[in-house]
Amino acid sequence: MLEARNLTRRYGDFTAVRGISFTVQEGEILGILGPNGAGKTTTLRMLTGFLPPSEGDVQVAGHDLASAPLAARRQIGYLPENVAIYPEMRVEEYLRYRARLQGLSGGEARRSIAEVLDRCLIADVRRQLVGTLSKGYRQRVGLAAAILHKPRVVVLDEPTVGLDPKQIIAIRELIRELGQSHTILLSTHILPEVELLCDRVLIIDQGQIQDQGTPQSLRERWRGNSRIFLTLADDPAAAENAITALPGVVSLERDPTVQGRWILEGSRDVDLRAPLFHLAVERDWVLLELAEEKASLEDIFVRLTTQETTTSETTAAPDGSEATEVAS
Amino acid sequence: MNGVLATMGRELRSYFWSPLGWVILTGFLFFQGISFQTIVDYLNDPRAPAALSPLGFFFGGTLFYWLTVLFVTPVLTMRLLSEERKTGTLEALLTTPITEGQVVLGKYLGALVFYIFLWTPTLAYVLLLARHTELDWGPVAASYLGTIAVGGLFLAVGTMVSGLTRNQVVAAIGTFAILFLLFIPAFLDGLINDPGLKKVVEYLNLFQHMDEFGKGIVDTRHLIYYLSATVFCLFVTSRALEANKGR
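## Here we look at the overall build of chain B
In terms of regular secondary structure, chain B is built from 13 helices and zero strands. Starting at the N terminus and walking to the C terminus, you meet the elements of chain B as α-α-α-α-α-α-α-α-α-α-α-α-α. Since a compact globule built from 247 residues should have a radius of gyration of about 18 Å, the 19 Å found for chain B is in line with a globular shape. For the C-alpha atoms alone, the extent of chain B along its principal axes is close to 65 × 45 × 30 Å. Relative to its full complement of 247 residues, chain B shows a buried share of 42%. Counting contacts in chain B only where the partners sit at least 6 residues apart, residues at least 24 apart contribute 80% of the total.

As structure tokens, this is what we get:
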């Protein structure tokens, strides 16, 4: 549905995005995850035709963005990062304007507007000036404008940034609902968002794809040693030696805050929970807690992105003033 | 076409929806009113030289005319593209299926229509004169045509400068500076002896153009000058927008 091949964007000597290639399948929700300044916005701008790439090309539903820009753009609905909307326009008026830009006929436009007002839950503010709306409402108006012409691909740049928790939940629900009928490409630096919404994730940093896959497969691949919390009643004295002797235990330390609680680190291919249970039964210890901490995508993300920074710092010092920030 | 009309409509609406449009309109009519009254006063005096037409005077005959046009056009065009770029609305606009050329043309036409709207109340002066004296309608029509041609070029220059910056003040001052350059041939007219050069300077003399329009002479060479320069500016704007929209 949407294909990027070898996308590269340079700003002078600084390369914001280098050789990114990926495909978004029809009906998929693909997340682009990366820290601020990783090149997410630059990438999305190239995909939507706002920024011409220095190298590489983009295909949208079979249309080449460079040679058939209008046909390609017609298939895209784009919500830019800062959701700028003319403040002096009323919501409905803005949507009518967008409908005309998209070339919708009068009847089509009326139907579409009524539909998106409803769908994005903004029917109650349709007569209000955009400038007087809260950020959450403005975001929804932007989203309504992006899906007005029933695009096949919806591109959302940090759709929940700057919203309060309630608004975030509302927008996420909306995106999930949209995902049932649209192909969605979503950028974010918020990890739970990706885990909640996306079928597949690209992790980018320093303008390159560091890894990709489903949230589960990423977690699987990047899982480190397991961490297990264990609490035994009465804090038996023999516990420390007996547990350390179990195969697969890398380290063991006391939880300084709770009497009798241990934090274990186990090697990644061994599940220590069963041996621990059997050990407790054998020694007649009373097991109060036995829990494994799951490696979150957050850990993976931090590992991938910090590792990259340290290696690249030695080779080239990237321009500190991030180009995508300057551009927005 | 739809895209041009949509951007033009939005631009026009934003003039009427914002205080700026009304401030410009008020100031414009205030100065035109003073200008008209002064002219009529002057020509009513028996000592005034004969064979001067009040409307010829009104259109281009005084500094009132040139100063107002010179001030009004940069203010009308300063926000056209620079504001879109600054607030970021340009991004949502240029990712819709509409070309940069259509955006530029739509915005320019929006400003032009508002400029024409500014002048329409001055028809009242014409009608006022027509009640009291024989009016030759040819020169009146030619004067309005000339005013639209001159204003059209000025607005195109303003659109171009607005497309090159994200700062409205820079856009207005830059436009003002370039428009001032357009007047230089008129200032040089009396200072040049070389006959070849004099011809060139005469061709570019805005004062003389308006003077002729005021007399009812519609010289196609003048119209071609304004039209081609206008098209050139809009073309440059559209290419510039295409080249650096994402920056």
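## Describing the nonpolar core
It is characteristic of soluble globular proteins that their nonpolar side chains tend to be buried jointly. In terms of nonpolar packing, the biggest core is built from 126 residues, with Tyr94, Leu95, Ala144, Val155, Leu185 and Leu186 of chain A together with Tyr108 of chain B touching the most fellow members. Among the elements that line this core, the one with the most residues is helix H9 (residues 137–164) of chain B, at 11 residues. Residues contacting Ala144 of chain A, with those up to four places away along its chain left out, are Leu95, Val116, Leu117, Cys120 and Ile122 of chain A. Leu232, Trp262, Leu276 and Ala280 of chain A belong to the second-largest nonpolar core, a separate cluster that totals 11 residues.

## Notes on the sheet that holds strand E4 (residues 55–60) of chain A
As summarised here, the arrangement of the four strands in space is E2-E1-E4-E5 (chain A), forming an open sheet in which the pairing is antiparallel. Each of the sheet's edge strands pairs with one partner strand only, and the pair in question is strand E2 (14–24) and strand E5 (63–64) of chain A.

## Considerations on the pairing of E4 of chain A
Pairing between strand E1 (residues 2–11) of chain A and E4 of chain A: five bridges, direction antiparallel. Counterpart to Thr8 of chain A in the pairing with E4 of chain A is Glu55 of chain A.

## Description of the packing of helix H7 (residues 100–119) of chain B against H9 of chain B
All names here are of chain B. In contact at an axis separation of 10 Å, H7 and H9 are set at 140 degrees when each is read in the N-to-C sense. What the angle tells us is that H7 and H9 run oblique. Crossing handedness for the pair H7 and H9: right-handed. Contacts between H7 and H9 involve Val104, Lys107, Tyr108, Ala111, Leu112, Tyr115, Ile116 and Trp119 on the former and, on the latter, Thr147, Ile148, Gly151, Gly152, Leu155, Ala156 and Thr159. Among the residues forming the contact of H7 with H9, the class breakdown is 10 nonpolar, four polar and one charged.

## Notes on the confidence of the model for chain B
Close inspection of predicted coordinates is inappropriate in any region flagged by low pLDDT. Of the residues in chain B, 98% reach a pLDDT of 70 or more, and the chain-wide mean stands at 89. The complex model carries a pTM of 0.82, and its ipTM stands at 0.87.

## Some points on the interface of chain B and chain A
Counting residues at the interface gives 20 residues for chain B, matched by 24 residues for chain A. Secondary structure elements with two or more residues in the side of chain B that touches chain A: helix H1 (2–17) and helix H6 (89–94) of chain B. Among the elements that line the side of chain B that touches chain A, the one with the most residues is H1 of chain B, at six residues. Classifying every residue of the side of chain B that touches chain A by side-chain character gives six nonpolar, 10 polar and four charged.

## Examining the domain arrangement of chain A
Taken domain by domain, chain A consists of domain 1 (2–75 + 151–221) and domain 2 (226–293). Taking only C-alpha atoms into account, the centre of domain 1 of chain A sits 43 Å from that of domain 2 of chain A.

## Concerning the environment of Leu178 of chain A
Residue and element names in this part refer to chain A. Tracing the backbone through its elements, the reader meets Leu178 in helix H6 (residues 165–179). Sequence-wise, Leu178 and Gln210 are 32 residues apart; in three dimensions their C-alpha atoms are separated by 28 Å. Excluding residues within four positions of it along the chain, Leu178 makes contact with Ile147, Val154 and Ile184.

## Quick notes on the sheet that holds strand E9 (residues 200–205) of chain A
Residue and element names in this part refer to chain A. Reading across from one edge, E6-E7-E8-E3-E9-E10 is the order of the six strands in this open sheet, with mixed pairing throughout. Whereas interior strands pair on both sides, the edge strands pair on one side only; in this sheet they are strand E6 (76–79) and strand E10 (208–213). Strand-to-strand twist in this sheet, taken as the mean axis angle between neighbours without regard to direction, amounts to 15 degrees. Two elements, strand E7 (residues 153–157) and strand E8 (residues 183–188), share five bridges in a ladder whose sense is parallel. What sits directly across from Asp157, in E8, is Ser187. Contacts between helix H1 (residues 40–48) and the sheet are confined to strand E3 (29–33), E6, E7, E8 and E9, with E7 contributing the most and set at about 150 degrees to the helix. Across the face of the sheet, H6 comes into contact with E3, E7 and E8 while running at roughly 150 degrees to E8.

## With respect to the environment of Glu81 of chain A
All names here are of chain A. By the element assignment, Glu81 lies in the loop between E6 and helix H3 (91–101). Note on Glu81: 20 C-beta atoms within 10 Å, which makes it buried. Linking Glu81 and Thr41, residues 40 residues apart in sequence, is a C-alpha distance of 7.5 Å.

## Points about unusual backbone geometry
Residues and elements named next belong to chain A. Of note in this structure, Asn6 is not a glycine but carries a positive phi near 55 degrees. Residue class for Asn6 comes out exposed when judged on the 12 C-beta atoms lying within 10 Å of it. Unlike most non-glycine residues, Leu121 shows phi in positive territory, near 55 degrees. Relative to the assigned elements, Leu121 resides in the loop between helix H4 (106–119) and helix H5 (135–147).

## Considerations on helix H4 (residues 63–77) of chain B
All names here are of chain B. With 15 residues, H4 should reach 21 Å at 1.5 Å per residue; the first-to-last C-alpha distance of 22 Å fits that figure. Every buried residue of H4 is accounted for by Tyr65, Val69, Val72, Thr73, Pro74, Val75, Leu76 and Thr77. Packed against the buried residues of H4 are helix H2 (19–44), H7, H9 and helix H10 (168–188).

## Notes on the confidence of the model for chain A
Residues of chain A with pLDDT of at least 70 account for 89%, and the chain-wide mean is 84. Scored below 50 in pLDDT, residues 308–328 of chain A shows 25 contacts in the model against residues more than four places distant or in partner chains.

## Concerning H1 of chain A
Residue and element names in this part refer to chain A. The element H1 is largely enclosed, with a buried count of nine among its nine residues. Turning to H1, its buried residues are Lys40, Thr41, Thr42, Thr43, Leu44, Arg45, Met46, Leu47 and Thr48. Where H1 ends, the next residue or the one after it, Gly49, has phi of about 90 degrees, a positive value.

## Structural notes on the pairing of E7 of chain A
In the case of a regular strand, side chains alternate between the two sheet surfaces. All names here are of chain A. Of all five residues that make up E7, five are buried, and the element is covered over most of its length. Where burial is concerned, the two faces of E7 agree: the one with Val153, Val155 and Asp157 and the one with Val154 and Leu156 are both buried. Sheet topology note: the E6/E7 ladder contains four bridges and is parallel. By the bridge assignment, Ile76 is partnered in E7 with Val153.

Rules of the game
- Residues numbered from 1 in each chain as written.
- Chains lettered and ligands numbered in written order.
- Predicted model: local features only at pLDDT ≥ 70, side-chain atom pairs only at ≥ 80, totals over all residues.
- Helix = DSSP H or I, 4+ residues; strand = E, 2+ residues; numbered from the N terminus.
- Rg over C-alpha atoms; globule rule 2.2 N^0.38 Å.
- Buried ≥ 20, exposed ≤ 12 C-beta atoms within 10 Å, placed from the backbone.
- Contact = placed C-beta atoms within 7 Å.
- Core = buried A, V, L, I, M, F, W, Y, C linked by C-beta atoms within 7 Å.
- Pairing = 2+ DSSP bridges.
- Axes fitted to C-alpha atoms, helices over the stretch in contact; angles between N-to-C directions.
- Parallel < 35°, antiparallel > 145°, perpendicular 65-115°, else oblique.
- Left-handed = near helix turned anticlockwise from the far one by under 90°.
- Nonpolar A, V, L, I, M, F, W, Y, C, P; charged D, E, K, R; others polar.
- pLDDT = per-residue confidence, 0-100.
- Domains from an automatic or database assignment.
- Expected span 1.5 Å × (residues − 1).

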